[in-house]
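Listed here are the chains, written in short residue letters.
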Amino acid sequence: MSRLSLFNSPLMLGFEQFEQAVDMITKTAADGYPPYNVEKIGENRIRITLAVAGFAPEDMQVQIESNQLVIRGKAKSDDDRIYLHRGIAARQFRRAFVLADGIEVQDATLDNGLLHIDLEKPLVDVPIRSIAIQTLKKAPKKTIIEEN
């Protein structure tokens, strides 16, 4: 069975990496833990906030891998506690976000159980470039003159 792709149009050339990113996103979108927000906090700034109650900074990693922002968490085991009810999840997690070219991670801060990751995309002037159209001059046909 062939897979329907958004990028299989002959008018869209060189978008293979976007297709791979869409595949990765659809695979990881099903896991809802930890919950997160993505908000615009300025002209070219974005903040990702993850709810990571119970995690200390040393229990988490924030890394850039290729074009992905990857956040991992693994809480310390608390086997010495006896819970009558455990409603605060403290399981291991991995949350990944695909980053567009040029986006930079500015910082990551943990505040009251929320991990804030601030991103910035530099403003870029998109240059317009004109391509000269040339004509191909047809070379005159060579005539062969036979001399006797």
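Residues numbered from 1 in each chain as written. Predicted model: local features only at pLDDT ≥ 70, side-chain atom pairs only at ≥ 80, totals over all residues. Heavy atoms only, no water.

A.B. asks: An account of the sheet that holds strand E1 (residues 36–42) is needed here, citing residue identities and associated values.
C.D. replies: Here four strands make up an open sheet; going across it, the order is E1-E2-E7-E6 and the pairing antiparallel. Only two strands of the sheet have a single partner each, and these edge strands are E1 and strand E6 (104–111). Taken pair by pair, the neighbouring strands of this sheet meet at an average axis angle of 20°, ignoring direction. Bridge count for strand E2 (residues 45–51) against strand E7 (residues 114–120) is seven bridges, and the pairing is antiparallel. Counterpart to Thr49 in the pairing with E7 is His116. (Pairing = 2+ DSSP bridges. Helix = DSSP H or I, 4+ residues; strand = E, 2+ residues; numbered from the N terminus. Axes fitted to C-alpha atoms, helices over the stretch in contact; angles between N-to-C directions.)

A.B. asks: Please set out unusual backbone geometry residue by residue, giving values where relevant.
C.D. replies: With omega at -10°, the peptide bond leading from Tyr33 into Pro34 counts as cis. Note that Pro34 resides in the loop between helix H1 (16–28) and E1. Its identity as a non-glycine residue notwithstanding, Ser66 has a phi of 55°, on the positive side. By the secondary structure assignment, Ser66 is in the loop between strand E3 (60–65) and strand E4 (68–73). For Ser66, a relative accessible area of 73% puts it in the exposed group. (Buried < 20%, exposed > 50% of the residue type's maximum accessible area, 1.4 Å probe, protein only.)

A.B. asks: If you had to explain the environment of Gly32 to someone new, which residues and values would you point to?
C.D. replies: Mapped onto the elements of the fold, Gly32 is located in the loop between H1 and E1. Given the relative accessible area of 56%, Gly32 is considered exposed. Distance in space between the C-alpha atoms of Gly32 and Phe93 is 10.0 Å, their sequence separation being 61 residues.

A.B. asks: An account of the pairing of E4 is needed here, citing residue identities and associated values.
C.D. replies: Of all the six residues making up E4, five are buried; the element is thus mostly covered by neighbouring parts of the structure. Of the pairings in the sheet, the one linking E3 to E4 comprises six bridges and is antiparallel in character. Following the sheet pairing, Val62 is matched in E4 by Ile71. Linkage of E3 to E4, two consecutive antiparallel strands, is achieved through a turn of two residues, within which Ser66 is found at a positive phi near 55°. Where E4 and strand E5 (residues 93–98) come together, six bridges link them in antiparallel fashion.

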